Amino acid sequence: MKHCDLVIIGGGPAGLAAAVAARESGVEDILLLERDTELGGILNQCIHSGFGLHTFQEELTGPEYAQRYIQKVRDLAIPCLLDTMVLEITPERVVTAVNTREGLFQIQAGAVVLAMGCRERARGSLNIPGFRPAGIYSAGTAQRLVNIEGFMPGKEVVILGSGDIGLIMARRMTLEGAHVQVVAELMPYSGGLKRNIVQCLDDFGIPLKLSHTVVDIQGRERLTGVTLAQVDENRRPIPGTEEHYDCDTLLLSCGLIPENELSRGAGVEISPVTGGPVVDESLETSVPGVFACGNVLHVHDLVDFVSQEAEQAGRRAARFLQRGEERGRAIRLVAGKGVRYTVPARVDPRRMEEELTVRFRVDNVYRNAAVAVSAGGEVLRRRKKMILTPGEMEEIRLRREELLAHPEWGEIEISLEVAP
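Residue numbering note: each chain is counted from 1, following its sequence as written. At least 70 in pLDDT is required for a residue's local features to be given in this predicted model, at least 80 for side-chain atom pairs to be given and counted, and no such filter applies to totals for whole chains, interfaces and linings, which use all residues. To obtain the side-chain values, all non-hydrogen atoms of the structure were used and water was disregarded.

1. Remarks on the packing of helix α3 (residues 139-149) against helix α4 (residues 164-175)
Next, step 1: For every element, the axis is a line fit to its C-alpha atoms; helices are fit only across the contacting stretch, and the angle between N-to-C directions ranges from 0 to 180 degrees. Secondary structure elements follow DSSP: runs of H or I no shorter than four residues count as helices, runs of E no shorter than two count as strands, and numbering proceeds from the N terminus. At a closest axis distance of 9 Å, the pairing of α3 and α4 adopts a crossing angle of 35 degrees. Where α3 crosses over α4, the two elements pack in a sense that is left-handed. Between α3 and α4, the contacting residues are A139, G140, A142, Q143, V146 and N147 on the first element and I165, G166, I168, M169, R172 and M173 on the second.
Next, step 2: The class makeup of the residues in the contact of α3 with α4 is seven nonpolar, four polar and one charged. Whether a crossing is left-handed or right-handed is set by the direction in which the near helix is turned from the far one by less than a right angle, anticlockwise for left-handed and clockwise for right-handed. Contacts were defined at the residue level, with two residues in contact if any of their heavy atoms lie within 4.5 Å. Residue classes follow a fixed rule: Ala, Val, Leu, Ile, Met, Phe, Trp, Tyr, Cys and Pro count as nonpolar, while Asp, Glu, Lys and Arg count as charged, and any other residue, Gly among them, counts as polar.

2. Remarks on the packing of aromatic side chains
Next, step 1: Put simply, two rings from Phe, Tyr or Trp (the six-membered ring, in Trp's case) pair if the centres are within 6.5 Å, and we call them stacked under 30 degrees between planes, edge-to-face over 60, tilted for the rest. A full pass over the atoms with the stated rule returns four aromatic pairs.
Next, step 2: Taking 5.4 Å as the distance between ring centres and 70 degrees as the angle between the ring planes, the aromatic pair formed by F56 and Y65 counts as edge-to-face. No difference in accessibility class separates F56 from Y65, as the two residues are buried.
Next, step 3: Seen from their ring centres, F291 and F320 are 6.1 Å apart, and the 75 degrees between their planes marks the pair as edge-to-face. In this pair, F291 is assigned in strand β19 (residues 290-292) and F320 in helix α7 (residues 303-323), connecting sequence segments 29 residues apart.
Next, step 4: Members of the aromatic cluster, each reached through a chain of ring pairs, are F56, Y65 and Y69.
Next, step 5: Consider the ring centre and the ring normal. A charge sits over the ring if Lys NZ or Arg CZ is within 6 Å of that centre and within 35 degrees of that normal. The side chain of R68 reaches across the aromatic face of F56, ending 5.0 Å from its centre. Exposure classes here rest on a 1.4 Å probe applied to the protein chains alone. A residue is buried below 20% of its type maximum, exposed above 50%, and partly exposed in between.

3. Brief notes about α4
Next, step 1: Each residue after the first adds 1.5 Å to the expected span of a helix. An ideal rise of 1.5 Å per residue puts 16 Å on 12 residues; α4 measures up with 17 Å between its terminal C-alpha atoms.
Next, step 2: D164, G166, L167, I168, M169, A170, R171, R172 and M173 are the residues of α4 that are buried.
Next, step 3: Looking at the buried side of α4, the elements it contacts are α3, β11 (156-160), β12 (179-185), α5 (194-201) and β17 (249-252).
Next, step 4: G177 lies just past α4 and shows a positive phi near 105 degrees.

4. So, the pairing of strand β21 (residues 339-343)
Next, step 1: Taking burial as the measure, the five residues of β21 include four buried ones, the bulk of the element.
Next, step 2: Bridge analysis of β21 against strand β23 (residues 355-362) gives four bridges, and the strand direction is antiparallel. Each bridged residue has a counterpart across the sheet, and for Y341 the counterpart in β23 is R361. Criterion used throughout: strands pair if DSSP finds at least two bridges between them.

5. Re the pattern of salt bridges
Next, step 1: The rule for a salt bridge is simple: a side-chain nitrogen of Lys or Arg has to be within 4 Å of a carboxyl oxygen of Asp or Glu. For the structure on display, the rule yields 20 salt bridges.
Next, step 2: Residues participating in the shared-partner salt-bridge network are R35, R119, E259 and E261.

6. Overview of the state of the cysteines
Next, step 1: For the purposes of this analysis, a disulfide is any pair of cysteine sulfur atoms at a distance within 2.5 Å. Tallied over the entire structure, the rule returns zero disulfides.
Next, step 2: In this model C80 remains outside any disulfide bridge; the closest cysteine sulfur is found in C4, 11 Å from its own.
Next, step 3: For C80, a relative accessible area of 26% puts it in the partly exposed group.
Next, step 4: Left without a disulfide partner, C254 is nearest to the cysteine sulfur of C118, which lies 14 Å away.
Next, step 5: With relative accessibility at 22%, the residue C254 sits in the partly exposed group.

7. Topic: the sheet that holds strand β25 (residues 378-388)
Next, step 1: Spatially, five strands are ordered β22-β20-β27-β24-β25 in an open sheet, and the strand pairing comes out mixed. Two strands close off the open sheet at either side, each with one partner strand: β22 (346-347) and β25.
Next, step 2: As defined by bridge partners, strand β20 (residues 331-335) adjoins β22 across two bridges and the pair is classed as antiparallel. The partner of R332 across the bridge, within β22, is R346.

8. As for the sheet that holds β21
Next, step 1: Strand order in this open sheet of three strands is β21-β23-β26, and the pairing throughout is antiparallel. In this open sheet, the two edge strands, each paired with only one partner strand, are β21 and β26 (394-399). Between one strand axis and the next, the sheet turns by 30 degrees as a mean value, whatever way the strands run.

9. Re the pairing of strand β1 (residues 2-9)
Next, step 1: Relative to strand β8 (residues 103-114), β1 is paired through seven bridges, and the arrangement is parallel. Among the inter-strand pairings, C4 is bridged to a residue of β8, identified as A109.
Next, step 2: Classification remark: right-handed applies to a crossover when, strands pointing away from the viewer, the course from the first strand over the helix to the second runs clockwise. As for the winding sense of the linkage, the β-α-β connection from β1 through helix α1 (residues 13-24) to strand β2 (residues 30-33) is right-handed.

10. A word on unusual backbone geometry
Next, step 1: Residues V343 and P344 are joined by a peptide bond in cis, for which omega reads 5 degrees.
Next, step 2: Take P344: it is sitting in the loop between β21 and β22.
Next, step 3: In this structure, S211 takes a positive phi of about 55 degrees despite not being glycine.
Next, step 4: With respect to the helices, strands and loops of the structure, S211 is situated in the loop between β13 (208-210) and β14 (212-218).
Next, step 5: You can call S211 buried: its relative accessible area is 17%.
Next, step 6: In the Ramachandran plot, R235 falls in the positive-phi region, its phi being about 65 degrees despite a non-glycine side chain.
Next, step 7: Along the chain, the position of R235 falls in the loop between β15 (225-230) and β16 (243-246).

11. Brief notes about the environment of G276
Next, step 1: Along the chain, G276 turns up in the loop between α6 (261-265) and β19.
Next, step 2: Taking relative accessible area as the criterion, G276 reaches 0% and is therefore assigned buried.
Next, step 3: Between the alpha carbons of G276 and A266 there is a distance of 13 Å; along the sequence they are 10 residues apart.
Next, step 4: Residues contacting G276, with those up to four places away along its chain left out, are P258, N260, E269, I270, S271, V296 and L297.

Spelled out as structure tokens, the structure:
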């Protein structure tokens, strides 16, 4: 069995940033494992601009953003095994992997960073009635076909789901000459960033139908059309609201699922809300020495935030290797009214840095609300927001000295105060 101080699983933006931060924090023995044939992850097929405004203070395409970190990894001589599939992680941090060069091999890791990213929700989990004709793709698959393979899935397009990938593909298909007839969204609000709604739909005259879903698919060999219908507050189709669209392509952008099969096998506690690991202020999971960051932890809206989070995971993994396990009292972070979840879910004030960024998402669209942080029966701080939406991640900051001054606090609640 091989031995390695730090094993990072995933060579996308999260894994790359974690590797760089760990090396800069003094970890020499690092190995990055990536199942694809090249580093960069999903960014390689995201050829549109809009990345890097927070991290590099300039607007980059996905491949350009990835290349910045790939170059750092190369400059620091961090070893990477590509085309390598990780099969298992044990609670003792034994990593089992396989590739065509070494065959099946095992690594005893001192610490592990999980950075496997996420996958798209497939048609099978959406319960859309109809046959299984050609012409139905997830939005990410269509993005790869167009941007990397040079293949157009179709010419007459309907998109179900208004997540960021679906919105971006509405614009991309239009620019490549296809006719995007409509984007339908089951929820009464879009799941994507406001800027993507404006730049990808409004600028191209593509209609967005909220509270609508696909209720039928026509065609046996090739898709010939779909039927949309409006849904009620319980997300059930309303009879009499059906609309038919002749099309040869249906793109599905109906949510992302963190890739946590390996995490579950390692005994990591998984959040039922995010689908990702439950972590503390160090981004350490319930298994000591196993850290998580990026979309495997919770789905992000900006890759810049993925990089920031991954850098923290890399630094804290380095600290674990240098100091060992040092867990103590933990304060629970509670998602209160209007808040779906928080990352992290618990905080040990003695281990946190001087200031900790807590990220969260809201459960609906709110206007003229305030984010409130409460502990010990009192409100610590409020921050007013003109608008909050589920598609955009929010954040608040906790100060170490404030938490250390109140050892009686057992939990901190983050909630919304909504004007009547």
